[in-house]
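Given next are the chains, with one letter for each unit.
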Amino acid sequence: MTVELVTTRDYEARTSHRTLVPTKSNEIKVEETSEMLLYEELSRARIRDLEEGVRAQRARSGPRAARRWTKVARWATRRAERHQV
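So, here is what we can say about the structure in this document. Just so we're clear, the structure is a prediction, and the values are computed from it rather than from any experiment. (Residues numbered from 1 in each chain as written. Predicted model: local features only at pLDDT ≥ 70, side-chain atom pairs only at ≥ 80, totals over all residues. Heavy atoms only, no water.)

## Regarding the overall build of the chain
No. 1: A count of helices and strands for the chain gives 3 helices and 0 strands.
No. 2: Start at the N end of the chain and walk to the C end: the helices and strands fall as α-α-α.
No. 3: Burial analysis of the chain (85 residues in total) assigns 1% to the buried set.
No. 4: Counting every atom, the chain has about 8700 Å² of accessible surface; 56% of that belongs to carbon and sulfur. (Helix = DSSP H or I, 4+ residues; strand = E, 2+ residues; numbered from the N terminus. Buried < 20%, exposed > 50% of the residue type's maximum accessible area, 1.4 Å probe, protein only. Areas by Shrake-Rupley, 256 points an atom, 1.4 Å probe, with all protein chains shown as cover.)

## Side note on the layout of surface pockets
No. 1: Space inside the second largest pocket adds up to approximately 150 Å³.
No. 2: What lines the second largest pocket is Glu51, Val54, Arg55, Arg58, Trp69, Val72 and Ala73.
No. 3: Every element with two or more residues in the lining of the second largest pocket is listed here: helix H2 (25–60) and helix H3 (63–83).
No. 4: Looking at the lining of the second largest pocket element by element, the count peaks at 4 residues for H2.
No. 5: Each residue belonging to the lining of the second largest pocket can be placed in one class, and the counts come to 4 nonpolar, no polar and 3 charged. (1 Å grid on protein atoms, 1.4 Å probe; cavity = no way out; pocket = protein on both sides within 12 Å on 5 of 7 lines; lining within 4 Å. Points joined across faces, edges and corners; volume = space filled by probe spheres on them. Nonpolar A, V, L, I, M, F, W, Y, C, P; charged D, E, K, R; others polar.)

In structure tokens form, the structure reads like this:
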């Protein structure tokens with residue numbers, strides 16, 4: 001049994017029975033791209049803020065807590081690598 005991945009856009013294209021109205025696709029693509037880049041930059045900024053907060057917390061804590069955070073970071077890295085497709 002095989003599974004075919006279907007995006008929302010593909011599903012809507014297959015199931016909708018509406019007539020397509022000609023649009024300026026270039027403008028839509030530019031808007032989608034700029035919005036995507038905006039969200040990507042926001043997520044990167046959030047990640048940077050979180051990393052700075054973690055570094056500050058590690059600096060305030062002692063060596064035992066630093067070892068614990070290192071273990072947690074290693075675990076999270078391995079888990080992320082395992083679940084990346």
